[in-house]
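# Structural features, examined
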Amino acid sequence: MTYPKHIAGVALAAAAVSITTAVAQDAPDTGWKSSAGLNFALTSGNSDTLLIGANFNATKKWEQNELIGTADVAYGEATTRAVVGGVLVDNDNITVNNFGAALQYNRLISERFYLGARVDGRRDEIADIDYRFTGTANAGYYFIKQKDITLSAEAGPGYVVEKLGLDKNDYLTVRFGEKFTWNINERARVFQDIEFMPEASDFGNYIIQGQIGLEADIIKNLALRVTLQDTYRARPAAIAGTVPLVFREKNDLRLLAGINYKF
């Protein structure tokens, strides 16, 4: 890794913040509640590392309808140095490279009960997930639905199409999801969600993923956010070319800290 890459990363982070701020200031009030966030880390010395990530969340509620969209991207690389034949050599490795998005629509049948549909997709180069697309139908219920606290759970059938390494799979799934939000006060809030998606005909093949986080306002529209995310895949991708087969790690844990702009 070279310093121009560092400078490029800083420039990208600054540009993302500037664009987000401009959009937030100029956008008319459409009823959407949205936020865009940025995570950035940089080290230099005996080892050079660069990590940059961004996320976007948007929610709109009107009459008996709810529309929720999310997107995230993360990229990281590291450079280590070693002496080979008396020559100092840099070894560059990509450590993080993933992105994904999801869109969910809910229709409230009563004050607490709803029916909905969800689609999502993800790619993760390090975990050898070339692609994973999921579509589900959901029935859900708000166990708590207050101004400052909400707790809901949902479940429903779905279908998965994915490519893990060299293997392509498609199968029926069942999705179980839970979501919790708590506005502690006007300046701080906690959020948490988790989902469990097994293959319908083989519950030994499943994915569990979730997150928990804390957000605190710095000023009116700008907040600090710390998030712990975890993804567990019971049957991860095999590493190509290994005999006997060697598989990727089942668990991916991430701790993210950054800023979020709300608009």
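Residues numbered from 1 in each chain as written. Predicted model: local features only at pLDDT ≥ 70, side-chain atom pairs only at ≥ 80, totals over all residues. Heavy atoms only, no water.

### Some details on the overall build of the chain
What counts is decided by this rule: Helix and strand definitions here come from DSSP, where helices need a minimum of 4 consecutive H or I residues and strands a minimum of 2 consecutive E residues; each element is numbered from the N-terminal end. Buried residues are those whose accessible area, probed at 1.4 Å on protein chains only, stays under 20% of the maximum for their type, while exposed residues exceed 50% and partly exposed ones sit between those limits. Contacts were defined at the residue level, with two residues in contact if any of their heavy atoms lie within 4.5 Å.
Within the chain, the secondary structure is distributed over 1 helix and 12 strands. Reading the chain from its N terminus to its C terminus gives the helix and strand order α-β-β-β-β-β-β-β-β-β-β-β-β. The 263 residues of the chain split such that 33% are buried. In the chain, once contacts between residues fewer than 6 apart in sequence are set aside, the share between residues at least 24 apart is 51%.

### Focus on the pairing of strand β1 (residues 32–43)
For a regular strand, side chains alternate in direction, first toward one face of the sheet and then toward the other. Definition in use: Strand pairing follows a simple DSSP-based rule, namely that at least 2 bridges must link the two strands.
In this sheet, strand β2 (residues 47–62) lies alongside β1 in antiparallel orientation, the contact comprising 12 bridges. Residue pairing across strands places K33 opposite T59, the latter belonging to β2.

### Structural notes on a nonpolar patch on the surface
Threshold: Surface patches are drawn from residues lacking salt bridges whose relative accessible area is over 30%; two like charges belong together within 9 Å, two nonpolar side chains (Val, Leu, Ile, Met, Phe, Trp, Tyr) within 5 Å. Per-residue and other accessible areas follow the Shrake-Rupley method at a 1.4 Å probe size, with only the shown protein chains counted as cover for residues. When a carboxyl oxygen of Asp or Glu lies within 4 Å of a side-chain nitrogen of Lys or Arg, that pair is called a salt bridge.
Together, I109, F113, L115, Y141 and F143 give the surface a local cluster of nonpolar side chains, amounting to about 470 Å² of exposed area. The set of elements that each furnish at least two residues to the nonpolar patch consists of β5 (113–124) and β6 (129–145). Tracing the backbone through its elements, the reader meets F143 in strand β6.

### Some thoughts on the environment of T70
Looking at the secondary structure, you find T70 in strand β3 (residues 65–84). Looking at T70, the relative accessible area reads 33%, which means it is partly exposed. Remark: the alpha-carbon pair of T70 and F56, spanning 14 residues in sequence, is separated by 5.6 Å. Discounting residues that sit within four places of it in the chain, T70 has contacts with F56, N57, G100, A101 and A102.

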